[in-house]
Amino acid sequence: MDTFRRYNPLHTCMMGVASVLLLLFTLLPAAAHATPKALVMKPFAQLSDESKECAACHKDSNPSIYAQWGRSKHYGANVGCYECHQAAPDDPDAITHEGHSIAVIVSPKDCANCHTQEVEEFAASHHAKAGQIIGSLDNFLAEVVEGALTMNGESPAAVNGCWQCHGSEVKVMENGDLDPATWPNTGIGRINPDGSVGACTACHQRHEFSMVQARRPEACGKCHLGPDHPQKEIYEESKHGINFFANVDRMNLDSGKWIVGEDYDAAPTCATCHMSATRELPITHDVGDRISWTLRPAISEKIDAKAIASGQETKSWQARRADMEKVCDSCHTKPMVDNFYQQFDSLVELYNDKFARPGKALMTVLKEEQMITDTGFDEEIEWTWFYLWHHEGRRARHGAAMQAPDYVQWHGMYEVAERLYIEMVPQFLELVEHAEHEGNVEGAERARAVLDEILARPEHAWFSGNEPEEVKAARKEAQAAFKARYVEDNKSH
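Residues numbered from 1 in each chain as written. Predicted model: local features only at pLDDT ≥ 70, side-chain atom pairs only at ≥ 80, totals over all residues. Heavy atoms only, no water.

1. A word on the overall build of the protein
So, step 1. Along the backbone of the protein there are 23 helices and 4 strands.
So, step 2. The principal-axis extents of the C-alpha atoms in the protein amount to approximately 85 × 55 × 55 Å.
So, step 3. Scored against the burial criterion, the 493 residues of the protein give a buried share of 40%.
So, step 4. Within the protein, contacts between residues separated by at least 24 positions form 57% of all contacts whose residues are at least 6 apart in sequence. (Helix = DSSP H or I, 4+ residues; strand = E, 2+ residues; numbered from the N terminus. Buried < 20%, exposed > 50% of the residue type's maximum accessible area, 1.4 Å probe, protein only. Contact = heavy atoms within 4.5 Å.)

Pasting the structure below:
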């Protein structure tokens, strides 16, 4: 930032004007600024000599990059290669190129020279922490179970897989080159040589940095898809996704302010709900600012639960939900929104109470009674439990959050149930019987007691055979009526 200001004093003027405007804006009555206003920064008077030199060469050597930059708003503001890539000679990743000190990586710290608020909001988000996965089960799988440390001390499975979404810790080798095990990388939580975290280019692909591209659901689809978090596929199945693709020509994606219900009304995208402006809410680059549940862990909890437990102050889940409801209110009535949230909450609570907490209790007692080792994924039941919560359980919860019934049912709760009843319980009993045979009789008794208590609950009565007779009879009657209708339908055809 200091380098940038030394280079062009106009930046100081720009930031000063912006600060005054922002101060005046915040002093206005609340009603006067309920609708978000775009903060327009004054462009540079002309392209700098350094950027002219860069552009003249890269126009021939990298014509696609030059063309992308030419379509960007940066070009229109006379922001060129040097304004973004310049570096102080003592920067960790600085290199000398054609007589100039530059850095290959443009980090959020560099973007903050102009986009201060966006970078601050991003830094407070869960995205910014995505690169901190070294101790996670996912990274253990990629480094140890799937991989081996064969590429500059790193696992190619992690380099090409996990880190490309989560972000790598970019390392500079002794000769000044960027370690190929850590670069190229546009992971959202990338740990940069200058100490900053994140990659703005994860969403705003270089060198055009198109807001239209960032507003489309495909922008999120690089990472938010697949067996454990298929938000992209879920969105495409939902009524929102169907409407978006059917009416994309009416989405007004190139609007400067892009306010839902005002500039477009066909459908929301990922950006609409999690980031973009409404008539009441400003744009935010903290993607979790409107999320009330965390659907990532084995047992879902409200988004502020950990902060409260550790004595930290944070935006409450109720406030976050209220903000998300303001997005919903742009298109839907309040009773419809309220009922949706009751449906969503009930699914999360069903998953938590019927499957996640019982599964966690079974795994805990196995570990406490030393019936499984401390090494992850060396026993079959650990894989079963991982599938239950990390894959199927997440799919069910995300499906409910984003209105994709197939992901709630067949890709979700159906498979969660199969994992618990048909795989996990038999595997648990096998481990308990083995421990008992090896002499751990007391441990086996304690483990069986945990399972017995779980299966004695009303929600598991069908499996234990303890359903009330009237419940069984009512279900059989309904099944008979269904079969009769099926027979009649077939006769009519």
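2. Remarks on the nonpolar core
So, step 1. Of all hydrophobic cores here, the largest spans 47 residues; its most connected members are Phe344, Leu366, Ile381, Leu388, Met424 and Phe428.
So, step 2. Those elements giving two or more residues to this core turn out to be helix H17 (317-328), helix H18 (334-368), helix H19 (380-401), helix H20 (405-437) and helix H21 (441-455).
So, step 3. Considering every element that reaches this core, the biggest residue donor is H18, with 13 residues.
So, step 4. For methionine 424, the contacting residues outside a window of four places in its chain are Gly359, Leu362, Met363, Ile381, Thr384, Trp385, Leu388 and Arg419. (Core = buried A, V, L, I, M, F, W, Y, C linked by side-chain atoms within 4.5 Å.)

3. Description of the confidence of the model for the protein
So, step 1. When pLDDT is averaged along the protein, the result is 91, and 91% of the positions lie at 70 or above.
So, step 2. Within the model, pLDDT remains below 50 along residues 1-38, and this stretch shows 45 contacts once partners closer than five positions in the same chain are excluded. (pLDDT = per-residue confidence, 0-100.)

4. Quick notes on the pattern of salt bridges
So, step 1. Within this structure, the stated rule accounts for 23 salt bridges.
So, step 2. Residue lysine 315 is joined to aspartate 289 by a salt bridge in which the shortest nitrogen-to-oxygen separation is 2.9 Å. Here the residue lysine 315 occupies a position in the loop between helix H16 (305-309) and H17, and aspartate 289 occupies one in the loop between helix H15 (270-274) and strand S3 (293-294), the gap between them amounting to 26 residues.
So, step 3. Lysine 315 gets classed as partly exposed once you look at its relative accessible area, which sits at 25%.
So, step 4. One salt-bridge network, held together by shared partners, links Glu392, Arg395, Glu415, Arg419 and Glu423. (Salt bridge = Lys/Arg side-chain N within 4 Å of Asp/Glu carboxyl O.)

5. Digging into the packing of helix H9 (residues 137-145) against H19
So, step 1. Orientation of H9 relative to H19, taken along the N-to-C sense of each, is 135°, at an axis distance of 13 Å. Taken as axis vectors, H9 and H19 run oblique relative to one another. The handedness of the crossing between H9 and H19 is left-handed. In this structure, H9 uses Leu137, Asp138, Leu141 and Val145 to contact H19, whose residues at the interface are Trp383, Phe386, Trp389 and His390. (Axes fitted to C-alpha atoms, helices over the stretch in contact; angles between N-to-C directions. Parallel < 35°, antiparallel > 145°, perpendicular 65-115°, else oblique. Left-handed = near helix turned anticlockwise from the far one by under 90°.)

6. Some thoughts on the pairing of strand S1 (residues 94-97)
Each regular strand carries side chains that alternate between the two faces of the sheet.
So, step 1. Pairing between S1 and strand S2 (residues 100-103): 4 bridges, direction antiparallel. Looking across to S2, one finds that threonine 96 is bridged to serine 101.
So, step 2. Connecting the antiparallel pair S1 and S2 is a turn made up of 2 residues, with glutamate 98 showing a positive phi of about 50°. (Pairing = 2+ DSSP bridges.)

7. With respect to the state of the cysteines
So, step 1. A complete count under the given rule lists 0 disulfides for this structure.
So, step 2. There is no disulfide at cysteine 111, and the cysteine sulfur nearest it, in cysteine 200, is 3.7 Å away.
So, step 3. The closest cysteine sulfur to the non-disulfide-bonded cysteine 220 is located on cysteine 270, 3.9 Å from its own sulfur.
So, step 4. The partly exposed category is assigned to cysteine 220, whose relative accessible area is 27%. (Disulfide = S-S within 2.5 Å.)

8. Brief notes about the environment of glutamate 349
So, step 1. Among the secondary structure elements, glutamate 349 is positioned in helix H18.
So, step 2. Residue glutamate 349 is classed as partly exposed on the basis of its relative accessible area of 37%.
So, step 3. Linking glutamate 349 and valine 425, residues 76 residues apart in sequence, is a C-alpha distance of 21 Å.

9. What to know about the side chain of arginine 321
So, step 1. Along the chain, arginine 321 turns up in helix H17.
So, step 2. Not counting chain neighbours up to four residues away, the residues in contact with arginine 321 comprise Ser292, Trp293, Tyr341, Phe344 and Asp345.

10. A closer look at H21
So, step 1. Its 15 residues place the ends of H21 21 Å apart at the C-alpha level, agreeing with the 21 Å of an ideal helix rising 1.5 Å per residue.
So, step 2. Buried residues of H21: Gly443, Ala444, Ala447, Leu451, Ile454 and Leu455, and no others. Summarising the axial view, the buried residues of H21 lie within an arc of 110°, below the 170-degree limit, and thus occupy one face. The outward face of H21, more than 90 degrees from its buried face, is lined by the exposed residues Glu442, Glu445 and Asp452.
So, step 3. Elements that come into contact with the buried residues of H21 comprise H18, H20 and helix H22 (461-464).
So, step 4. The backbone nitrogen of glycine 443 has a side-chain oxygen 3.0 Å away, supplied by the residue at the start of H21, namely asparagine 440. (Expected span 1.5 Å × (residues − 1). Arc of directions from axis to C-beta. Polar contact = N/O pair within 3.5 Å; in protein donor to acceptor, adjacent residues only side chain to side chain.)

11. Section: the packing of H9 against helix H10 (residues 156-166)
So, step 1. Interaxial distance between H9 and H10 falls to 7 Å at its minimum, and their mutual angle equals 150°. When the axis of H9 is compared with that of H10, the two are roughly antiparallel. Side by side, H9 and H10 meet where Asp138, Asn139, Ala142 and Glu143 of the first sit next to Ala157, Ala158, Cys162 and Trp163 of the second.
So, step 2. Classifying every residue of the contact of H9 with H10 by side-chain character gives 5 nonpolar, 1 polar and 2 charged. (Nonpolar A, V, L, I, M, F, W, Y, C, P; charged D, E, K, R; others polar.)

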